[in-house]
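Below are the chains, spelled out letter by letter.
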Amino acid sequence: MKFIFATASLILVFFSLKIQAQVTYTSNGSCTSLSDPTCWTKSGSCKTSTPNAPMLSGTSDCPVAIIINHTINVPLDLNLGSHINLTINSTGTLNVGGNINIASKAVNTTININGGSLNGANALNINGGANLTINLTNSGKLAVAGALNVGNDVGLTVLGDKTGSFQVNALNIGQRSKINILSGGVLYVVKDVEYSGNNSEINVSGFFRTSGSIMITGGAGNELNVFDQGKVVIEGDLRVKGSSEITFGGTSQADIGGNILIEGNAKVIASGDAKVYVCGTYEKVTTQGGSFLECRLLPVEYSSFDVLFNPLSRLVKISWSTPKEWENSHFEIQRAVGKNLEFQTIGEITGKGWSDEEVYYLFEDESLPLFESQVYYRLRQVDFSGSSSLSKVLALKVPALPDAAGTWRAYPNPSKGQRIQIGLLDAQNYQKGKLSFQLNSTLVSTGIVQVHDQRELNEKLGNLSESLPNGMYVLDIYWDQQVQKIKLIISK
């Protein structure tokens, strides 16, 4: 028994040594180079001598962790080998001026983008026999301006928490390779996807989108499989030749903006409860419980869109939500006053990008007209390619402020610490153009402040009014050789 215990102890000690045999490089913010030792803090050790700047290839006995918390620049190519764990945290950015290359037959190579970003100026090349895992969390972004080139016998796994994004310009897949987009993983291809070999697969349980077409033109055995809650968007055609088989299964959903084109003995199957929405033609498809339906390809869908006037604060709350988003860059909030419906953009909210969960948005319009008005609102959604779509229009009536006189009115007045805003009472007396103002009291004088329009005036006056002490002030507004004086009271 003593011998057995001693042997077990030796095994535990040996295992402990193996666990500790790792070297970690952490950026320290003193410079932006990958190769300069002064930019990095090294910890841990291996049996072999390790340099003070990051090694880009490790071994099973000496794996390498690289942690980036700052901006790091690689002027040319970035070449990663086996047993590398690269992490880019929320304050970190890695900019690569050339290609990002994963070495042939590399194993245990992982890129974790935890809120930071990895930007490649050219291609991401995963060479033959390599295995790469990409983990995207906390809105982390991996973007390459060139193609994702997947060589022969490659394994690529993309996972995350649904908030990150992995964007490439095109996707080329060699032979006997697998791309697994797991639940929470996101892969977006700007142009086309092409399978050029045999027996390769894209398996989607997360989210996969291409703004181009998918062309499966290689030999037999190529697959595009969509599982469980997976979602696929193909804005162009799905073209399948030879003996390839495409299966949409489980409760997955797919949107195809073009046609499904099937040649030879190829198959496109909708099984289980899968739904495939097609904008073009889809002859020769096969249903095994799933369904092919009419087009619904939209950048976002709206679950709700509401406007609500708050008379106490005299503002309108515009709220909306989306159950899913694809390539959503931002929303522009647009408003029109009166019957002419000349909409103007009054604000902008950044979109989620890619999401298949409910996302809620809120914008507050504080610059309302002071006279009684019918006010109209709509949303202009803009995707990353620059194309846009408009929401429905909502209307509400805004009451006039009491005792309104003159061209301009300040509100709230008195202010109990709220931002003071200026509203136009007489639209005939001011159309558009430059304004200026000054604010005076016994203790404060701003001097004349020049602004381009009413919106800029309200922005500067609002910022200023939040920091003013209690007291009485006189606001002078100048426009078109006219001036109006307004007494303001601040009582916090």
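As a starting point, this report considers the structure included with it.

Conventions adopted
- Residues numbered from 1 in each chain as written.
- Predicted model: local features only at pLDDT ≥ 70, side-chain atom pairs only at ≥ 80, totals over all residues.
- Heavy atoms only, no water.
- Helix = DSSP H or I, 4+ residues; strand = E, 2+ residues; numbered from the N terminus.
- Rg over C-alpha atoms; globule rule 2.2 N^0.38 Å.
- Buried < 20%, exposed > 50% of the residue type's maximum accessible area, 1.4 Å probe, protein only.
- Contact = heavy atoms within 4.5 Å.
- Areas by Shrake-Rupley, 256 points an atom, 1.4 Å probe, with all protein chains shown as cover.
- Lys, Arg positive; Asp, Glu negative; His and termini not counted.
- Charge placed at Lys NZ, Arg CZ, Asp CG, Glu CD.
- Phe/Tyr/Trp six-rings, centres within 6.5 Å; stacked < 30°, edge-to-face > 60°.
- Lys NZ or Arg CZ within 6 Å of the ring centre and 35° of its normal.
- Pairing = 2+ DSSP bridges.
- Axes fitted to C-alpha atoms, helices over the stretch in contact; angles between N-to-C directions.
- 1 Å grid on protein atoms, 1.4 Å probe; cavity = no way out; pocket = protein on both sides within 12 Å on 5 of 7 lines; lining within 4 Å.
- Points joined across faces, edges and corners; volume = space filled by probe spheres on them.
- Nonpolar A, V, L, I, M, F, W, Y, C, P; charged D, E, K, R; others polar.
- Disulfide = S-S within 2.5 Å.
- Core = buried A, V, L, I, M, F, W, Y, C linked by side-chain atoms within 4.5 Å.

A word on the overall build of the chain. Secondary structure summary: the chain contains two helices and 48 strands in total. The C-alpha radius of gyration computed for the chain amounts to 30 Å, which surpasses the reference 23 Å derived for 492 residues by more than 25%, pointing to a less compact arrangement than a globule. Dimensions of the chain along its principal axes, counting C-alpha atoms only, are 90 × 60 × 50 Å. The 492 residues of the chain split such that 47% are buried. Considering only contacts in the chain between residues 6 or more positions apart, those separated by 24 or more positions represent 47%. As presented, the chain carries roughly 22600 Å² of accessible surface, and 52% of it is formed by carbon and sulfur atoms. The distance from the centre of the 38 positive side-chain charges to the centre of the 41 negative ones in the chain is 4 Å.

The next subject is the packing of aromatic side chains. Between two aromatic rings, the relevant description is the distance of the centres plus the angle of the planes. Under the definition given, this model contains seven aromatic pairs. Taken together, a centroid distance of 5.4 Å and an interplanar angle of 70 degrees make the contact between tryptophan 320 and phenylalanine 331 edge-to-face. With tryptophan 320 in strand S36 (residues 315-322) and phenylalanine 331 in strand S37 (residues 324-337), this residue pair connects regions lying 11 residues apart in the sequence. The exposure class of tryptophan 320 is buried, given its relative accessible area of 1%. One Lys or Arg, arginine 378, reaches over the ring of phenylalanine 343 and ends 4.0 Å from the middle of that ring.

Here we take up the sheet that holds strand S22 (residues 207-210). One open sheet holds the 11 strands; their spatial order is S4-S7-S10-S13-S16-S19-S22-S25-S28-S31-S33, and the pairing between them is parallel. Every interior strand has two partners, whereas the edge strands, strand S4 (71-74) and strand S33 (291-294), have only one. The mean angle between the axes of side-by-side strands here comes to 10 degrees, regardless of whether they run parallel or antiparallel.

Another point: empty space enclosed by the protein. Counted under the stated rule, the structure contains one cavity of 30 Å³ or more. Looking at the largest cavity, its volume works out to about 30 Å³. Surrounding the largest cavity, Leu34, Leu56, Ile66, Ile68, Leu78, Leu80, Leu86 and Leu94 form its lining. Elements that contribute at least two residues to the lining of the largest cavity include exactly strand S3 (64-68) and strand S5 (78-80). Its residues assigned to classes, the lining of the largest cavity shows eight nonpolar, no polar and no charged.

Spatially, four strands are ordered S46-S45-S47-S48 in an open sheet, and the strand pairing comes out antiparallel. Only two strands of the sheet have a single neighbouring strand rather than two, namely strand S46 (449-451) and strand S48 (482-490). When strand polarity is set aside, the average angle formed by the axes of neighbouring strands in this sheet is 25 degrees. Relative to S46, strand S45 (residues 435-440) is paired through three bridges, and the arrangement is antiparallel. Along S46, the bridge assignment pairs phenylalanine 437 with valine 449.

It is worth spelling out the state of the cysteines at this point. Enumeration over the complete set of coordinates arrives at two disulfides. A sulfur-sulfur separation of 1.6 Å characterises the disulfide bridge that pairs cysteine 31 with cysteine 39. Its torsion about the S-S bond being -120 degrees, the disulfide of cysteine 31 and cysteine 39 is classed as left-handed. Assessed through its relative accessible area of 0%, cysteine 39 is described here as buried. Disulfide partner of cysteine 46: cysteine 62, at an S-S distance of 2.0 Å. Measuring the twist about the S-S bond at about 80 degrees, one finds the cysteine 46-cysteine 62 disulfide to be right-handed. Residue cysteine 46 is located in the loop between strand S2 (40-44) and S3, and its partner cysteine 62 is located in the loop between S2 and S3; the two are separated by 16 residues in the primary sequence. The same class applies to cysteine 46 as to cysteine 62, namely buried.

So, on to the nonpolar core. Core analysis: the biggest nonpolar cluster contains 73 residues, and Leu94, Phe166, Leu171, Ile202 and Phe208 have the highest contact counts within it. Other than its neighbours up to four places away in sequence, phenylalanine 166 contacts Leu124, Ile134, Leu136, Leu142, Leu148, Val158, Val186, Leu187 and Tyr188. Within the second largest apolar cluster, 21 residues are counted, among which are Ile349, Val375, Leu394 and Leu396.

This part takes up the environment of phenylalanine 363. Tracing the backbone through its elements, the reader meets phenylalanine 363 in strand S39 (residues 359-365). Excluding residues that lie within four positions of it along the chain, phenylalanine 363 makes contacts with Val316, Lys317, Ile318, Trp320, Ile333, Ile346, Gly347 and Ile349.

Attention now moves to the pairing of strand S35 (residues 304-310). Residues of S35 alternate between two faces, with Phe305, Val307 and Phe309 buried on one and Ser304, Asp306, Leu308 and Asn310 left unburied on the opposite face. The sheet contact formed by S35 and S36 spans seven bridges and is antiparallel. Its bridge partner being in S36, asparagine 310 is matched across the sheet by leucine 315. A loop of four residues connects S35 with S36, the two strands running antiparallel in sequence, and arginine 314 in this loop sits at a positive phi of about 50 degrees.

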